[in-house]
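# Coordinate inspection notes
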There are 2 protein chains.
Amino acid sequence: MIRSVFYISDSTGITAETLGQSLLSHFDHIQFKQQVCSYIDNEEKAIAVVNRINKAAEEDDERPIVFDTVINREVGDILEASQGFIIDIFSMFLKPMEELLGSPSNYHVGRPQLDNQDKRYKNRIDAVQYALHNDDGAKVDRYSEADVILVGVSRSGKTPTCLYLALQNGIYAANYPLTEDDMDGPGIPRVLKPFQNKLFGLIIDPGRLSEIRQERRSNSRYASLNQCEDEVRQAQALFNRFGIPYLDTTRMSVEEISTRILMDSGLRNGKGKRNGK
Amino acid sequence: MIRSVFYISDSTGITAETLGQSLLSHFDHIQFKQQVCSYIDNEEKAIAVVNRINKAAEEDDERPIVFDTVINREVGDILEASQGFIIDIFSMFLKPMEELLGSPSNYHVGRPQLDNQDKRYKNRIDAVQYALHNDDGAKVDRYSEADVILVGVSRSGKTPTCLYLALQNGIYAANYPLTEDDMDGPGIPRVLKPFQNKLFGLIIDPGRLSEIRQERRSNSRYASLNQCEDEVRQAQALFNRFGIPYLDTTRMSVEEISTRILMDSGLRNGKGKRNGK
């Protein structure tokens, strides 16, 4: 059984898609065919979307599921007349929230917190530049500005995590790859020493690491299981010896790794987090 | 008036936070104090969160708003007994969806689509590596693999957009900065020619561009309004001459720019999009 799903918004549709995908993940025995329809903000576009919904209904011989965060009532009314099963997200929540808050909502299109002139937004973009500048240990001159410095062996997930933390949370995250030389030494790498309280380690199952490295350089010493086992063991020993918090990323997504780092390092509650710097 | 808001989940909390922030943006005359509580997956953690909610209720002298996507019923019941106004997101939606789909949900913790072993996830991480490799025109050897190549003058928003498209959508996005030399020539830059159908232009208000560049190199020719006006005008002329689709990013966030690119280039509907390559 295939079921069509539409995410419809007069803005980006990110809210509808995030909530919808999260809900659909609880029906993993059903196959869904998903479409995002963004910026549906006039009658003409609404009618075009209704045609797509009705066509899908006919093809699937089932009612499509429609998650919408449409504000424009004209558009909303047109959608209601489609053959889709409409889940009008904002209407469901805004009424009870208005009652609780004792205040009407200023129901308007868009998400004001995303305006690119705003301070929080600017901080996210600066954080992306920071992550790029301080990726992979190539430059270490701006570690004093870091909110967190991720350390781990090559391909343990440091770079995507830094970029996610920057883009989503405006966190200044640098990363430093642990090499064999680093781990042979008696202490933590010299460049990291002044920033020991900002370090956060990533480890990963050696078998999984070897798979990932094989794709990059197959049959190399770098990718061999032996090498991966050695490196991960040494990294973990280093973290333990110096009380560096760390995380096993083996089955975690960047979203999950980032969430854990925010929690475990206290950054989520504003510790060390710059305010729109 | 300050109102406390809690996002509570036994997973990352991203769904609760996305939906909640989107809803709160419709009450922009009220100030909210927001906290994300992730991985609340046992009785002990639930009780600690309830204590925080009740403390906030006392301090604010108002009921905090609690958005939760908790699956664990034991945890859910403990939250219900708090002084917060509980908005149990999954419960609200899953019942009607189960009826529509004629099938029970396999109500479990987590979002399986985020498992880092899965193909779609792997594609996102590969796309991040691709964006990094092909950033800023430094290397152009892998343009044939691109889903889209963003072109625009320095600081028009190319790099963060490429990274967002990669992380969120698994799109292979390269970017190429237009220099004065490029725009003085008679055609489109030589390295871009074979990929003309993949190009997507970004322009920006020259005044805003000048502001952004001032932060990087203040009082430089590069940041002068005159220079910014010239560059943007030439870029736009180039896009018009060669029929390259383009977007004015002046007041748009990376989320909005990315959504527009996905729509306008047809990438959202799978055109040119690799399937878990």
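Residues numbered from 1 in each chain as written. Chains lettered and ligands numbered in written order. Predicted model: local features only at pLDDT ≥ 70, side-chain atom pairs only at ≥ 80, totals over all residues.

For the rest of this paragraph, the subject is the domain arrangement of chain A. We note that the domain assignment places domain 1 (2-101) and domain 2 (116-269) within chain A. Taking only C-alpha atoms into account, the centre of domain 1 of chain A sits 38 Å from that of domain 2 of chain A. (Domains from an automatic or database assignment.)

Here the focus is the sheet that holds strand β1 (residues 2-9) of chain B. Through backbone hydrogen bonds, the strands of a sheet pair up, either in parallel or in antiparallel fashion. Residues and elements named next belong to chain B. Strand order in the open sheet formed by four strands is β2-β1-β3-β4, with parallel pairing between adjacent strands. Strands with a single pairing partner mark the edges of an open sheet, and in this sheet they are β2 (31-37) and β4 (85-88). Averaged over all pairs of adjacent strands, the angle between their axes in this sheet comes to 20°, without regard to strand direction. Relative to β4, strand β3 (residues 65-69) runs parallel, the two sharing four bridges. Residue pairing for β4: V66 is matched across the bridge by I86. Where helix α2 (residues 43-60) meets the sheet, its contacts fall on β1, β2 and β3, and the angle it forms with β1 comes to roughly 170°. On top of the sheet, helix α3 (residues 73-80) reaches β1, β3 and β4; it is set at about 150° to β4, its chief contact. (Pairing = 2+ DSSP bridges. Helix = DSSP H or I, 4+ residues; strand = E, 2+ residues; numbered from the N terminus. Axes fitted to C-alpha atoms, helices over the stretch in contact; angles between N-to-C directions. Contact = placed C-beta atoms within 7 Å.)

So, on to the interface of chain B and chain A. Listed per partner, the contact involves 54 residues of chain B and 54 residues of chain A. Elements with a contribution of two residues or more to the side of chain B that touches chain A: α1 (14-24), β3, β4, α4 (89-101), α5 (119-133), α6 (158-169) and α10 (254-264) of chain B. Element by element, the count of residues in the side of chain B that touches chain A is highest for α1(B), at seven residues. Of the residues in the side of chain B that touches chain A, the class split is 27 nonpolar, 19 polar and eight charged. (Nonpolar A, V, L, I, M, F, W, Y, C, P; charged D, E, K, R; others polar.)

Residues and elements named next belong to chain A. Within strand β3 (residues 65-69), five of the five residues are buried, which leaves the element mostly enclosed by the surrounding structure. Residue alternation in β3 divides its side chains into two sets, I65, F67 and T69 and V66 and D68, and both sets are buried. Of the pairings in the sheet, the one linking strand β1 (residues 2-9) to β3 comprises five bridges and is parallel in character. Each bridged residue has a counterpart across the sheet, and for S9 the counterpart in β3 is T69. At this point the chain moves from β3, through helix α3 (residues 73-80), to the parallel strand β4 (residues 85-88), and the crossover so formed is right-handed. (Buried ≥ 20, exposed ≤ 12 C-beta atoms within 10 Å, placed from the backbone. Right-handed = clockwise from strand over helix to strand, strands pointing away.)

Counting residues in each nonpolar core, the largest one holds 86 residues, and the members touching the most others are L163(A), A166(A), A173(A), L163(B), A166(B) and A173(B). If sequence neighbours within four positions are ignored, L163(B) has contacts with V128(A), L163(A), L167(A), V128(B) and A131(B). Within the second largest apolar cluster, 60 residues are counted, among which are I78(A), F93(A), L24(B) and F67(B). (Core = buried A, V, L, I, M, F, W, Y, C linked by C-beta atoms within 7 Å.)

Quick look at the environment of G243(B) now. Assignment of secondary structure puts G243(B) in the loop between α9 (225-241) and β8 (246-248). On the basis of neighbour count, G243(B) is assigned to the exposed category, with 9 C-beta atoms found within 10 Å.

The next point concerns the relation of the copies chain B and chain A. Each copy of the sequence occupies a distinct position, and chain B is placed on chain A by a rotation of 180° and an axial shift of 0.0 Å, giving an RMSD of 0.1 Å. Put plainly, the chains are arranged around a two-fold axis. Comparing interface residues between copies, 100% of those in chain B also sit at the interface in chain A, which points to an isologous, same-surface contact. (Least-squares fit on C-alpha atoms with pLDDT ≥ 70 in both.)

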